[in-house]
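Results of the structural survey
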There are 2 protein chains.
Amino acid sequence: MFNPVSCTAMAPLQLGIFGAGQLGRMLAQAALPLGIRCVFLDAVNQSPAAALGPVFSPDDMHAFVGQRRLFTLEFENIPLSSIDALPEAATIFPPRAALAITQNRLLEKSTFDALNIPVAPYRAVHCLTDLQNAADQLGLPMVLKTATGGYDGKGQYVVKTAHDIARAWETLGTHGPLIAEGFIHFEREVSVIAVRAQTGDIRYWELAQNHHHQGILSHSVVPAPNIETLTPIAQQYMQQLLEHLNYVGVLTLELFVTPEGLLANEMAPRVHNSGHWTIEGAVCSQFENHIRAVMGLPLGETDLIKPCVMVNIIGQYPKREDILALPAAHLHDYEKEERPGRKLGHITLMPPKSEELPALIKQLIPLLPDALALK
Amino acid sequence: MFNPVSCTAMAPLQLGIFGAGQLGRMLAQAALPLGIRCVFLDAVNQSPAAALGPVFSPDDMHAFVGQRRLFTLEFENIPLSSIDALPEAATIFPPRAALAITQNRLLEKSTFDALNIPVAPYRAVHCLTDLQNAADQLGLPMVLKTATGGYDGKGQYVVKTAHDIARAWETLGTHGPLIAEGFIHFEREVSVIAVRAQTGDIRYWELAQNHHHQGILSHSVVPAPNIETLTPIAQQYMQQLLEHLNYVGVLTLELFVTPEGLLANEMAPRVHNSGHWTIEGAVCSQFENHIRAVMGLPLGETDLIKPCVMVNIIGQYPKREDILALPAAHLHDYEKEERPGRKLGHITLMPPKSEELPALIKQLIPLLPDALALK
C-alpha cells in the first residue's frame, strides 16, 4: 500500500489525472485543501481543469509522469495502452482490470452475470444475423449499443420495429462489437456511488434518482424517494463489484427500478455526474473521497447533510446573476464553450429548510435556457 | 455599479487580489466554481494562492492590473499608495476609506466612537508623558499598541506595572503613533462577520466565539453559546459600520463580551480567520460572498448548516492521515512552510449529529502538535 508523506509544507503530494475535463477540475478542487496538487493529461488544451494545474498533451507523457507515482482518471475510455505506458513504479487507481471491464459493455454485463447482479437480457452482436436473432429473442423494442466507446446516449440505436434492424446495423455495424439489450420498462433510474480505500474500507453515499433528457442526465434528486428497501440491495451489488475488482477509488453503478426489482444498467469507474450533489450535500464529497482513496488516505464520512437536487447546465449558460440570486443555489461553472448538448456546469439546490426544495426548483426552471427534464 | 458579464464560456471574469496568502487562496477557491479567475499581487513568490492563479510581484503592478477592472485584498495593511496606483477605470472593494480607517487603530476607535459603538477606554500616545498620563487615567494593566501595522499580537505591549511604562515606550516608541487601551476584563470574545453588496444588501453569519492562545486565534465555536440577546446588538453595530463606510465585501468585527455588554475590539476589512467555518458550516461561505459582493453579483444565504468548530493549525502540521481519519473533519492545508506561530492550515469539525461535536474535539486534541487553547 502506498504510504503518503505526512507533512506537506512546500512539497505537496502530487497526483496525475488522465483527462482534464470538469471531473478532473472538481477532483483537483477537492485535492487542493488536502495539500495535494494535480497535473493532467489531455489532448484538449483549454480544458476546465487547466485552472488548477498544468495540462500535458498525450505527446508529452514523460512530463506528465515526471516523478509522480500515483495516477487516476476522470474518464473511463482512456486507451489501456496509455496506462501500460506508465513506468513500473507508478500505480493507477482504479485498477487496470476495472477499466478493461468498464470499457466493454459485453465484459461489463458478464461481470454482472458472474456476480449474480441482475441485468436486462442482452445478446452480443457481431453480424446482422446476430442482430436479427437478438430481436427474436429479446423482442422489440430493443437497444443496440457499441460495446466500446459511447456515452451520454451516443453510439446507441433504438430498434423499434423490424424495419429498424437493417438501419441499426448500417449505423453501428462498423463500430466494432455490439450489444443488443432488451428494452426495460423501468419506473425510474437510480445510482449508487461508493468509494473503496486501499485498506478495503467501503463507504456508500445516499442513492440519487436520475432524470434524463434525450440521453443526457438532466438532474438528480437526493435522497432518491422510496428507496429504503432497495438501498441495501444496491449497496450489496456495489460491494460485490468493488471486492471482485479489488477496486480503489469511487465507483458508480446505475440501476433501473423495475416492478421485478433493481436491474444493473452500467457502471462507471470514476466520480459521476449523479454524484455532484455530494460537494455540498455530503460530509465528504465523491471528489474528495476519490482523492483520499487513491492517495492511500483514510476515507471521509459519506452521510447526507441535507436533501438536495443537482441540475445540469447543458448547451447554454444561464445568467450567472440569476442563478446566484436564488437562495441556497450553488453554481459550478466548468468554464466551457457553449455547444448544444454539452455539459457546461451544474447547480445544486440545498435549502436549509428541505421543505423549500420543490419551490426552489420551480424558481430555477425559468432561469435555465434549457430546463431539460425539469420542465 | 459594476455589471458582470452574464456568460462565461472561455472568457471567465477576472479579479485581482492584493495578497496571495491563505485568504487569497480560499477566495480564489470560492471564485473558481462561479467562473471567476483570480490573479494576485504579493512580494512572496511561493505563496498559498499560487496554486490558483499567477502571483505578480509588486514591481510588476502593470501586469497584475492588465485589463482587469475589479480588485480586492486579503490583508488590510497593504500600502494605500498601491491602491492609488490603480488606473482610474479600476475599482477596489472594500473602499479605500474603509482601509484607511482599519489601518490605523486611532481612526478605527474614533469611528466606533462616532457611531456610538462602545469600545474599551483608550488614549492616543505620542510621547512618554502621554503614556504615563494614559496609565493614570486608564489604570493598570493596560495594553500599548502601535496605531498602524501589527496583527496576531505583534506590535503590542502589556503594561502590567508602573515599571513597565518606560520599557513599553522603549519597545514601541519608535513605531509611530501608539494607542493605549484600558485592560478589559471580558468573559469571552466573539466576532460578527457580515457582507454588504453593491446594492446595499447586507447578510450576517452566526456569531463565532473565539479562543486565543498567546495572541493567536486557536479555535472558533459556532454558533457562539448564549448569544441570543447579543446577536441583534452585534448586527446593529455591524450595519452602522457597513453603511457609514459605504462598504462592499466582507467585514469582520471582533467584540468582547463583558458584564456591561459588548465592546468593539477591532474590525478587519476582509474575510477573517474566525469565519473559516463558513466554508462547510454556512450555505454560502465568507469567501464566496466576498467574491459575489466585489463582482457585483447577488449575495448568497448565510444560514448556518450545522454547528461546528474551526481549529487552527499553528507552527507544525499534524499527520494528514490522522486528521482525515476523524469523522467529519475538513482539512484545509495552506501548503506553507512550518514556522513557530505561523498559521499553516485549519480544520473544521462538523458532524451530522451535532451532539457528537464535543467528543470529536477531544479526539482531535492528541493529534495536533500544538493543541493551543483546545487543551
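Each value, and the rule that gives it
- Residues numbered from 1 in each chain as written.
- Chains lettered and ligands numbered in written order.
- Predicted model: local features only at pLDDT ≥ 70, side-chain atom pairs only at ≥ 80, totals over all residues.
- Heavy atoms only, no water.
- Helix = DSSP H or I, 4+ residues; strand = E, 2+ residues; numbered from the N terminus.
- Rg over C-alpha atoms; globule rule 2.2 N^0.38 Å.
- Buried < 20%, exposed > 50% of the residue type's maximum accessible area, 1.4 Å probe, protein only.
- Areas by Shrake-Rupley, 256 points an atom, 1.4 Å probe, with all protein chains shown as cover.
- Lys, Arg positive; Asp, Glu negative; His and termini not counted.
- Charge placed at Lys NZ, Arg CZ, Asp CG, Glu CD.
- Pairing = 2+ DSSP bridges.
- Contact = heavy atoms within 4.5 Å.
- Axes fitted to C-alpha atoms, helices over the stretch in contact; angles between N-to-C directions.
- Salt bridge = Lys/Arg side-chain N within 4 Å of Asp/Glu carboxyl O.
- Polar contact = N/O pair within 3.5 Å; in protein donor to acceptor, adjacent residues only side chain to side chain.
- Nonpolar A, V, L, I, M, F, W, Y, C, P; charged D, E, K, R; others polar.
- Domains from an automatic or database assignment.
- Least-squares fit on C-alpha atoms with pLDDT ≥ 70 in both.
- Parallel < 35°, antiparallel > 145°, perpendicular 65-115°, else oblique.
- Phe/Tyr/Trp six-rings, centres within 6.5 Å; stacked < 30°, edge-to-face > 60°.
- 1 Å grid on protein atoms, 1.4 Å probe; cavity = no way out; pocket = protein on both sides within 12 Å on 5 of 7 lines; lining within 4 Å.
- Points joined across faces, edges and corners; volume = space filled by probe spheres on them.

Another point: the overall build of chain A. In terms of helices and strands, chain A carries twelve helices and 18 strands. Against the globule reference of 21 Å for 375 residues, chain A gives a C-alpha radius of gyration of 21 Å, in line with a compact fold. For chain A, the residues scored as buried account for 60% of the 375 residues in total. Put simply, chain A shows about 14400 Å² of open surface, and 51% of that area lies on carbon and sulfur atoms. Looking at chain A, you have 27 positive and 37 negative side-chain charges, and the mean spots of the two groups are 3 Å apart.

Now for the sheet that holds strand β2 (residues 36-41) of chain A. All names here are of chain A. Strand order in the open sheet formed by five strands is β3-β2-β1-β4-β5, with parallel pairing between adjacent strands. The strands lining the two open edges of the sheet, one partner per strand, are β3 (55-56) and β5 (91-92). Relative to strand β4 (residues 70-73), strand β1 (residues 13-18) runs parallel, the two being bridged by three bridges. Across the sheet, residue F18 finds its bridge partner in β4, namely L73. In the packing of helix α1 (residues 22-31) onto the sheet, contacts are made with β1, β2 and β4, and the angle to β2 comes to roughly 165 degrees.

Here we take up the interface of chain B and chain A. Taken together, the contact pairs 49 residues of chain B with 49 residues of chain A. Inspection of the region where chain B meets chain A yields two salt bridges. Our count for the contact surface shared by chain B and chain A stands at twelve residue pairs in polar contact (both at pLDDT 80 or more). Listing elements by their share of the side of chain B that touches chain A, those giving two or more residues are α1 (22-31), α10 (286-294), α11 (320-324) and β17 (329-333) of chain B. Ranked by residues supplied to the side of chain B that touches chain A, first place goes to β17(B) with five residues. For the side of chain B that touches chain A, the class distribution of residues is 27 nonpolar, seven polar and 15 charged.

Our focus in this paragraph is the domain arrangement of chain A. Its domain assignment divides chain A into domain 1 (7-102), domain 2 (121-182) and domain 3 (188-374). Domain 1 of chain A and domain 2 of chain A are separated by 34 Å when their C-alpha centres are compared.

Before going further, it helps to spend a moment on the relation of the copies chain B and chain A. In the superposition of chain B on chain A (RMSD 0.0 Å, axial shift 0.0 Å), the rotation amounts to 180 degrees. Such a combination of turn and shift is consistent with a two-fold rotation axis. No C-alpha of chain B approaches the rotation axis more nearly than that of L52(B), which lies at 3.0 Å. Residue by residue, 100% of the interface of chain B is reproduced at the interface of chain A, so both copies engage with the same surface.

All names here are of chain A. Evaluation of the coordinates by the stated rule reveals 26 salt bridges over all chains. Its salt-bridge partner being E181, residue K145 comes within 3.2 Å of it at the nearest N-O pair. A residue pair is termed long-range when its members are at least 10 positions apart, and K145 in strand β7 (residues 142-146) and E181 in strand β9 (residues 178-182) qualify at 36 residues. The class for K145 is buried, based on a relative accessible area of 6%. Its salt-bridge partner being D370, residue K375 comes within 3.8 Å of it at the nearest N-O pair.

Glancing now at unusual backbone geometry. For the bond from L140(A) to P141(A), the omega torsion is 0 degrees, close enough to zero to count as cis. By the element assignment, P141(A) lies in the loop between α6 (128-138) and β7. In the segment running from V222(B) into P223(B), the intervening peptide bond is cis, with an omega of -5 degrees. Residue placement: P223(B) occurs in the loop between β13 (216-222) and α8 (231-244). Not every positive phi belongs to a glycine, and N246(A) is a case in point at roughly 45 degrees. Relative to the elements of secondary structure, N246(A) occurs in the loop between α8 (231-244) and β14 (249-258). One non-glycine residue, N116(B), lies in the positive phi region at around 60 degrees. Structurally, N116(B) can be placed in the loop between α5 (105-114) and β6 (122-125).

Residue and element names in this part refer to chain A. By the criterion of burial, helix α10 (residues 286-294) is predominantly enclosed, with nine of the nine residues buried. All of the buried residues in α10 are Q286, F287, E288, N289, H290, I291, R292, A293 and V294. For α10, the capping residue at the N-terminal end is S285, with a side-chain oxygen 3.2 Å from the backbone nitrogen of F287. In the segment just after α10, G296 is the residue with positive phi, at about 75 degrees.

Right, let's get into the packing of α1(A) against α10(A). All names here are of chain A. At a closest axis distance of 8 Å, the pairing of α1 and α10 adopts a crossing angle of 75 degrees. As judged from the angle between their axes, α1 and α10 are roughly perpendicular. Contacts from L23, M26, L27, A30 and A31 of α1 reach α10 at F287, E288, H290 and I291. Residues of the contact of α1 with α10, tallied by class, amount to seven nonpolar, one polar and one charged.

As a further point, take the pairing of strand β12 (residues 208-213) of chain B. Here is the key point about a regular strand: its side chains alternate between the two faces of the sheet. Residue and element names in this part refer to chain B. As judged from the three bridges shared by strand β10 (residues 188-196) and β12, these two strands associate in the antiparallel manner. Within β12, the residue paired with S191 across the bridge is A208. Summarising the sheet, β12 and β13 pair through five bridges and their orientation is antiparallel. Of the residues in β13, the one forming a bridge with Q209 is V221.

All right, on to the packing of aromatic side chains then. By the definition in use, this model includes eight aromatic pairs over all chains. Relative to F64(B), the ring of F18(B) lies with its centre 5.2 Å away and its plane at 70 degrees, an arrangement referred to as edge-to-face. Taken as a pair, F18(B) in strand β1 (residues 13-18) and F64(B) in helix α2 (residues 61-65) lie far apart in primary sequence, 46 residues in all. An identical accessibility class is assigned to F18(B) and F64(B); each is buried. Aromatic side chains F18(B) and F71(B) sit 6.4 Å apart centroid to centroid with 55 degrees between the ring planes, which places their arrangement in the tilted category. With F18(B) in strand β1 and F71(B) in strand β4 (residues 70-73), this residue pair connects regions lying 53 residues apart in the sequence. Of the two residues, F18(B) and F71(B), both sit in the buried class. Put simply, the rings of F18(A), F64(A) and F71(A) pair up and form one aromatic cluster.

One pass over the full model with this rule turns up six cavities of 30 Å³ or more. Taken together, 37 residues line the largest cavity, and the ones lying closest to its centre are I279(A), E280(A), H332(A), I279(B) and E280(B). Sorting the residues of the lining of the largest cavity by element identifies α1, α9 (278-281), α10 and β17 (329-333) of chain A together with α1, α9 (278-281), α10 and β17 of chain B as the ones contributing at least two each.

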